Amino acid sequence: MARMAGRRVLFAVPVLGVVTFGVFAVAAASPFDPVKAYAGTAGLTASQENLDQLRANLGVDQPLVARWWDWLASALRGDLGDSSVMRQPVADVIAERMGWSVLLAATAFLVAILLGTSLGVLAARRPGGWLDRCVSSAAYTLEAAPAFWLGLLAIWFFALKLDVLPAGGLTDAGSDVVTFGQVASHLVLPAAVLGVSQLPWFFLYVRQGVADALAEDPVRGARARGLSERTVLLGHALRSGMLPMLTLIGSRVPELITGALLVETVFSWPGIAAATVEAATSVDFSLLAALTVLATAAVLLGNLLSDLLYGLADPRVAFDG
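Residues numbered from 1 in each chain as written. Predicted model: local features only at pLDDT ≥ 70, side-chain atom pairs only at ≥ 80, totals over all residues. Heavy atoms only, no water.

Let's talk about the overall build of the chain
Next up, step 1: Of the regular secondary structure elements, the chain holds 13 helices and two strands.
Next up, step 2: Here the chain holds 321 residues, and the buried ones make up 38% of them.
Next up, step 3: Taking the intrachain contacts of the chain between residues at least 6 apart in sequence as the baseline, contacts between residues at least 24 apart amount to 74%.
Next up, step 4: For the chain, the computed accessible surface area is about 17,000 Å², with 66% contributed by carbon and sulfur atoms. (Helix = DSSP H or I, 4+ residues; strand = E, 2+ residues; numbered from the N terminus. Buried < 20%, exposed > 50% of the residue type's maximum accessible area, 1.4 Å probe, protein only. Contact = heavy atoms within 4.5 Å. Areas by Shrake-Rupley, 256 points an atom, 1.4 Å probe, with all protein chains shown as cover.)

Shown next as structure tokens:
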């Protein structure tokens with residue numbers, strides 16, 4: 001296990017380097033001018049000399065490779081630079097927002113896994129039954145539904161029509177104190193929408209895996225020995241049927257990140273979505289690179305986690321093979 005994790009870490013180093021260079025290359029080719037975005041309305045009346053001076057101060061007058069190398073060298077020393085659009089250190093921007101994004105994503109992922117697994121097991125018990133048909137139809141429909149559309153629909157129904165949940169934000173309007181109760185109530189809709197958008201894949205994988213496991217000889221043997229259906233289902237079929245789902249955890253991380261950005265934007269959740277959008281439209285090199293590194297690292301970590309979980313669940317898998 002340690003050797004495999006070490007190999008993955010070594011592999012991640014060049015990947016992150018290439019990804020950051022790609023961010024700088026794409027940003028350099030962007031039609032957006034970071035100087036004008038930084039100057040705002042004052043840039044409309046500023047002289048060319050002032051704009052050139054501002055360009056030099058921001059470091060965007062240097063060649064692409066020089067900008068990337070300077071940022072990379074500083075990042076390796078622990079300095080992620082300053083965000084030109086947020087007007088504060090990149091580390092502070094991430095520290096202020098990352099916790100809320102992690103809370104939303106973790107809650108949504110937990111909802112998707114628990115609900116998808118439960119429904120998948122229940123549907124696999126009676127393939128073709130009314131529950132299987134209803135939930136499978138809903139899962140295939142949700143697969144094609146964009147997260148932002150689900151978010152808008154949830155706001156219309158639960159916040160506007162029923163008025164039972166807040167439409168967005170982190171706290172109630174006019175409140176300057178963040179309390180657990182307010183955060184919990186404001187988290188319900190975005191976490192539920194993001195979790196439901198990820199649920200179909202977990203449901204379909206678990207349903208198919210458990211259904212296949214129920215038809216295998218070990219499960220038939222367990223039934224022949226007189227074990228209860230609950231023991232057969234949870235003790236034998238579920239463990240075998242969960243193996244394919246474990247590999248899904250890592251592969252869903254990129255989709256989870258993308259969905260979280262959309263959901264945060266729809267619900268005005270104070271995570272990294274707003275910072276990512278502003279960094280992209282303003283060509284904020286330092287902030288863009290740091291956020292991309294975090295997203296890439298999350299994907300690599302998710303893939304490693306899925307492999308570790310699969311190996312722990314299935315003793316036949318050799319970690320160091």
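Concerning the packing of aromatic side chains
Next up, step 1: The full count for this structure, using the stated rule, is six aromatic pairs.
Next up, step 2: Each residue in the set Phe-21, Trp-68 and Trp-69 is aromatic and connected to the rest through ring pairs, giving one cluster. (Phe/Tyr/Trp six-rings, centres within 6.5 Å; stacked < 30°, edge-to-face > 60°.)

Some words on the pattern of salt bridges
Next up, step 1: Scanning all chains against the criterion turns up one salt bridge.
Next up, step 2: A salt bridge links Arg-207 to Asp-132, with the nearest nitrogen and oxygen atoms 2.6 Å apart. Taken together, the positions of Arg-207 in helix α8 (residues 180-214) and Asp-132 in helix α6 (residues 130-143) put the pair 75 residues apart, joining distant regions of the chain. (Salt bridge = Lys/Arg side-chain N within 4 Å of Asp/Glu carboxyl O.)

Focus on the side chain of Ser-101
Next up, step 1: Residue position: Ser-101 is located in helix α5 (residues 90-125).
Next up, step 2: Classification of Ser-101 as buried rests on a relative accessible area of 8%.
Next up, step 3: Those residues in contact with Ser-101, other than ones at most four positions away along the chain, are Glu-264, Trp-269, Gly-271 and Ile-272.

Examining α5
Next up, step 1: In a regular helix each residue adds 1.5 Å, so 36 residues correspond to 52 Å; α5 covers 51 Å between its end C-alpha atoms and thus fits that length.
Next up, step 2: Within α5, the axis deviates most sharply at Arg-97, by approximately 35°. (Expected span 1.5 Å × (residues − 1). Bend = angle between axes of the 7 residues up to and from the residue.)

Considering the nonpolar core
Next up, step 1: Ranked by size, the top nonpolar core spans 40 residues in total, and within it Leu-104, Leu-194, Phe-202, Val-210 and Val-263 carry the most contacts.
Next up, step 2: Within the residue set of this core, elements represented by two or more residues are α5, α7 (147-161), α8, α10 (229-251) and α11 (253-267).
Next up, step 3: Ranked by residues supplied to this core, first place goes to α8 with twelve residues.
Next up, step 4: Among residues more than four places away in sequence, those in contact with Val-263 are Leu-104, Ala-147, Pro-190, Val-193 and Leu-194. (Core = buried A, V, L, I, M, F, W, Y, C linked by side-chain atoms within 4.5 Å.)

Some words on the packing of α8 against α11
Next up, step 1: Where α8 contacts α11, the axes come no closer than 10 Å and their chain directions differ by 145°. Where α8 crosses over α11, the two elements pack in a sense that is right-handed. Residues Leu-189, Pro-190, Val-193, Leu-194 and Gln-198 of α8 touch α11, and the partners they reach there are Glu-255, Leu-256, Gly-259, Ala-260, Val-263 and Phe-267. (Axes fitted to C-alpha atoms, helices over the stretch in contact; angles between N-to-C directions. Left-handed = near helix turned anticlockwise from the far one by under 90°.)

Details of the confidence of the model for the chain
Next up, step 1: Mean pLDDT over the chain stands at 79; residues scoring 70 or higher make up 82%.
Next up, step 2: Per-residue pLDDT, averaged within each element of the chain, yields its smallest value for helix α2 (residues 34-39) (65) and its largest for α7 (90). (pLDDT = per-residue confidence, 0-100.)

As for a nonpolar patch on the surface
Next up, step 1: Together, Phe-148, Trp-149, Leu-152, Leu-153, Trp-156, Phe-157, Phe-158, Leu-160, Leu-162, Val-164 and Leu-262 make up an exposed nonpolar region whose accessible area comes to about 1,100 Å².
Next up, step 2: Ranked by residue count, the leading element in the nonpolar patch is α7, at eight residues.
Next up, step 3: Here Leu-152 shows up in helix α7. (Patch = residues over 30% accessible without salt bridge, like charges linked within 9 Å, V, L, I, M, F, W, Y side chains within 5 Å.)

Things to note about the layout of surface pockets
Next up, step 1: Computed from the structure, the largest pocket encloses a volume of approximately 670 Å³.
Next up, step 2: Along the wall of the largest pocket there are 27 residues; nearest its centre are Val-102, Ala-105, Val-253, Ile-257 and Ala-298.
Next up, step 3: In terms of residue count, helix α13 (residues 285-313) provides more of the lining of the largest pocket than any other element does, nine residues in total.
Next up, step 4: Partitioned by chemical class, the residues of the lining of the largest pocket number 22 nonpolar, four polar and one charged. (1 Å grid on protein atoms, 1.4 Å probe; cavity = no way out; pocket = protein on both sides within 12 Å on 5 of 7 lines; lining within 4 Å. Points joined across faces, edges and corners; volume = space filled by probe spheres on them. Nonpolar A, V, L, I, M, F, W, Y, C, P; charged D, E, K, R; others polar.)

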